[in-house]
Amino acid sequence: MPAFTYRGRNGSGEIINGVLEGATASAVADLLFGSGVMPMEIKPAPAGALKKKEDTGGGFFAPKILHVDVLLFTRQLYTLLKAGVPIMRALAGLQESSVNPAMKSVLGQLRESLDSGRELSISMARHPKIFTPFYLAMVRVGEMTGRLEEVLLRLFDHMEFERFMRDQVKSALRYPSFVIMAMVAAMLIVNIFVIPAFSKVFAGFGAELPLMTRILIGVSNFTVNWWHAMIGIVVAAGFAFKSWVRTKRGKYLWDKIKMRIPIAGKIVQKATLARFARSFALASRSGVPVIQALTTVAQTVDNEYIADKVDKMRDQVERGESVLRAAITAQAFTPVVLQMIAVGEESGSLDEMMEEISSMYQSEVEYELKTLAQQIEPILIVMLGAMVLVLALGIFLPLWDLGKVAMKK
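Residues numbered from 1 in each chain as written. Predicted model: local features only at pLDDT ≥ 70, side-chain atom pairs only at ≥ 80, totals over all residues. Heavy atoms only, no water.

S.K.: Looking at this structure, I do not really get the pattern of salt bridges. What am I missing?
M.R.: A pair can form between side chains of opposite charge whenever their charged atoms are brought close. Throughout the structure, instances matching the rule amount to nine salt bridges. With its nearest N and O atoms 3.0 Å apart, the salt bridge here joins Lys-270 to Glu-364. You can see Lys-270 sitting in helix 11 (residues 264-285) and its partner Glu-364 sitting in helix 16 (residues 350-370), a full 94 residues away along the chain. Its relative accessible area of 29% is what places Glu-364 among the partly exposed residues. Residues Arg-314 and Asp-315 are paired through a salt bridge, measuring 3.2 Å at the closest nitrogen-oxygen approach. (Salt bridge = Lys/Arg side-chain N within 4 Å of Asp/Glu carboxyl O. Helix = DSSP H or I, 4+ residues; strand = E, 2+ residues; numbered from the N terminus. Buried < 20%, exposed > 50% of the residue type's maximum accessible area, 1.4 Å probe, protein only.)

Structural data, given as structure tokens:
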């Protein structure tokens, strides 16, 4: 369908511009009249104009649509729809009150798409960078069942949980990251400035230096002479790792490895299981069939390894297996999860049991994140002590030996 650029006045008398699809210019004018816009000029849009308009990223310094923007939009749309406000009026009000220009543009495009006769889920699907597949699937279910307000509220709770976990992880890693960066900076300063100065002093003694001192001088010389190569290797390794993680196989292996990392692995595993349980409970309570719910959940867990296990569960359920049997075969869930699934299937309240699993793991993740700094602190102290010990042995042992020789003389 061709696209047209338009210029007109809204109900407040403000000049607005945009791009809209339509069979003819007259059809676009009818759409604008229907949305309360008085068209002043309508002309064919250049090729690719609509695609460019839908790219909400803009330039490097253009406003971005953040997770909190979608979170706020979901809550506000739920409130307006629950109050009985028609969806077109609700979107118009949210567009006018939005303080983020990028979000305001997206809301305008949603209104235009709805004006063209599309459903809300299809309109949102035109913005895949903003609305996730899980979000779209839930909105589609809400439209099909007539419970869009209820689905939006559950989506808001789900997104709030995701935001809480990310904030907790950032908060917990702030102190360890600062300590590690300080240790790396200290090692670089010592290797580049301190040890070379001491090596000149040691060279004038003409005596055999201790092994630890020779190692430190060798490392320092290598750092001074090859620092540019080291930086290049680190940057290249970083790019190689990112490229590897972007591949399907690399993402799968990395997500599997993450759950086996000491200390952090158990947090990743519990957070992933909490996300799985909450998504499954949300889909089940919204009236989604089990097979479709598993398909949707596999897109939400944000872990390719667990997503692969969930996909295999779905295949088994399609063949007639129970959810419990499929979960046991997947070998990705703890005994507690399996026990809750068994109780849920027997009692016919699988969604409630999944909600219980989500709440349980959410509480455990909160506790683990709050104590993460305390768990990492002993490791940091040992690393710091080892660094100080190596430097003390390497630098002060020769001075101590020379001092004893001088005292004997």
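S.K.: Where do I start with the side chain of Arg-278 in this structure?
M.R.: Note that Arg-278 resides in helix 11. For the buried Arg-278, which has no salt bridge, the nearest side chain bearing the opposite charge is Glu-355, at an N-O separation of 4.1 Å. A distance of 2.9 Å separates a polar atom in the side chain of Arg-278 from a polar atom in the side chain of Gln-362. In this structure Arg-278 touches Asp-157, His-158, Phe-161, Glu-355, Ser-358 and Gln-362, once residues within four positions along its chain are discounted. (Lys, Arg positive; Asp, Glu negative; His and termini not counted. Polar contact = N/O pair within 3.5 Å; in protein donor to acceptor, adjacent residues only side chain to side chain. Contact = heavy atoms within 4.5 Å.)

S.K.: I'm lost on empty space enclosed by the protein in this one. Help?
M.R.: Empty pockets left among the atoms are what a rolling probe the size of a water molecule brings to light. All chains considered together, the criterion is met by two cavities of 30 Å³ or more. Looking at the second largest cavity, its volume works out to about 30 Å³. Only helix 8 (148-203), helix 9 (211-246) and helix 17 (372-408) provide two or more residues apiece to the lining of the second largest cavity. For the lining of the second largest cavity, the class distribution of residues is six nonpolar, two polar and no charged. (1 Å grid on protein atoms, 1.4 Å probe; cavity = no way out; pocket = protein on both sides within 12 Å on 5 of 7 lines; lining within 4 Å. Points joined across faces, edges and corners; volume = space filled by probe spheres on them. Nonpolar A, V, L, I, M, F, W, Y, C, P; charged D, E, K, R; others polar.)

S.K.: Would you explain helix 16 in this entry?
M.R.: Residues lying three or four places apart along an α-helix face the same way, a consequence of the helix completing one turn every 3.6 residues. With 21 residues, helix 16 extends 30 Å between its outermost C-alpha atoms, agreeing within 8% with the 30 Å of an ideal straight helix rising 1.5 Å per residue. Of the positions making up helix 16, those classed as buried are Leu-350, Met-353, Met-354, Ile-357, Ser-358, Tyr-361, Gln-362, Val-365, Glu-368 and Leu-369. (Expected span 1.5 Å × (residues − 1).)

S.K.: Honestly, the packing of aromatic side chains in this entry has me stumped. Any pointers?
M.R.: Centre-to-centre distance and the angle between the planes together describe a pair of aromatic rings. Enumeration over the complete set of coordinates arrives at seven aromatic pairs. Here the aromatic rings of Phe-276 and Phe-280 are separated by 6.1 Å at their centres, their planes lie at 35°, and the arrangement is tilted. Within this pair, Phe-276 and its partner Phe-280 are both found in helix 11, separated by four residues, close to a single helical turn. Site record: aromatic cluster; members linked through ring pairs are Phe-73, Phe-131 and Tyr-135. One residue, Arg-75, lies across the ring of Phe-156, its end atom 5.1 Å from the ring centre. (Phe/Tyr/Trp six-rings, centres within 6.5 Å; stacked < 30°, edge-to-face > 60°. Lys NZ or Arg CZ within 6 Å of the ring centre and 35° of its normal.)

S.K.: In this structure, what is going on with the environment of Glu-368? I would like to understand it.
M.R.: Relative to the helices and strands, Glu-368 is located in helix 16. As for Glu-368 and Lys-270, which are separated by 98 residues in sequence, their C-alpha atoms are 9.6 Å apart. Not counting residues up to four positions away in its chain, the partners in contact with Glu-368 are Lys-266, Ile-267, Lys-270 and Gln-375. A distance of 3.5 Å separates polar atoms of two side chains, one belonging to Glu-368 and the other to Lys-270.

S.K.: Is there a simple way to think about the packing of helix 12 (residues 290-298) against helix 13 (residues 304-318) in this case?
M.R.: Two elements in contact, helix 12 and helix 13, have axes whose closest approach is 9 Å; the angle formed by their N-to-C orientations is 170°. When the axes of helix 12 and helix 13 are compared, the pair comes out roughly antiparallel. Contacts between helix 12 and helix 13 involve Val-290, Ile-291, Leu-294, Thr-295 and Ala-298 from the first element and Ala-307, Val-310, Asp-311, Met-313, Arg-314, Val-317 and Glu-318 from the second. For the contact of helix 12 with helix 13, the residue count by class is eight nonpolar, one polar and three charged. (Axes fitted to C-alpha atoms, helices over the stretch in contact; angles between N-to-C directions. Parallel < 35°, antiparallel > 145°, perpendicular 65-115°, else oblique.)

S.K.: Explain helix 8 here, please?
M.R.: Spanning 56 residues, helix 8 covers 79 Å between terminal C-alpha atoms, matching the ideal 82 Å at 1.5 Å per step. The largest bend in helix 8 comes to about 40°, at Val-190. (Bend = angle between axes of the 7 residues up to and from the residue.)

S.K.: Mind showing me how you'd approach the nonpolar core here?
M.R.: One recurring pattern in soluble globular proteins is that nonpolar side chains are buried together. Counting 79 residues, the largest nonpolar core has Phe-73, Phe-131, Tyr-135 and Phe-333 as its most contacted members. Top contributing element to this core by residue count: helix 8, with eleven residues. When sequence neighbours within four positions are dropped, the list of residues in contact with Phe-73 reads Leu-91, Leu-94, Met-103, Leu-107, Leu-110, Met-124, Phe-131 and Tyr-135. Leu-209, Leu-216, Ile-217 and Ile-395 belong to the second largest nonpolar core, which has nine residues in total. (Core = buried A, V, L, I, M, F, W, Y, C linked by side-chain atoms within 4.5 Å.)

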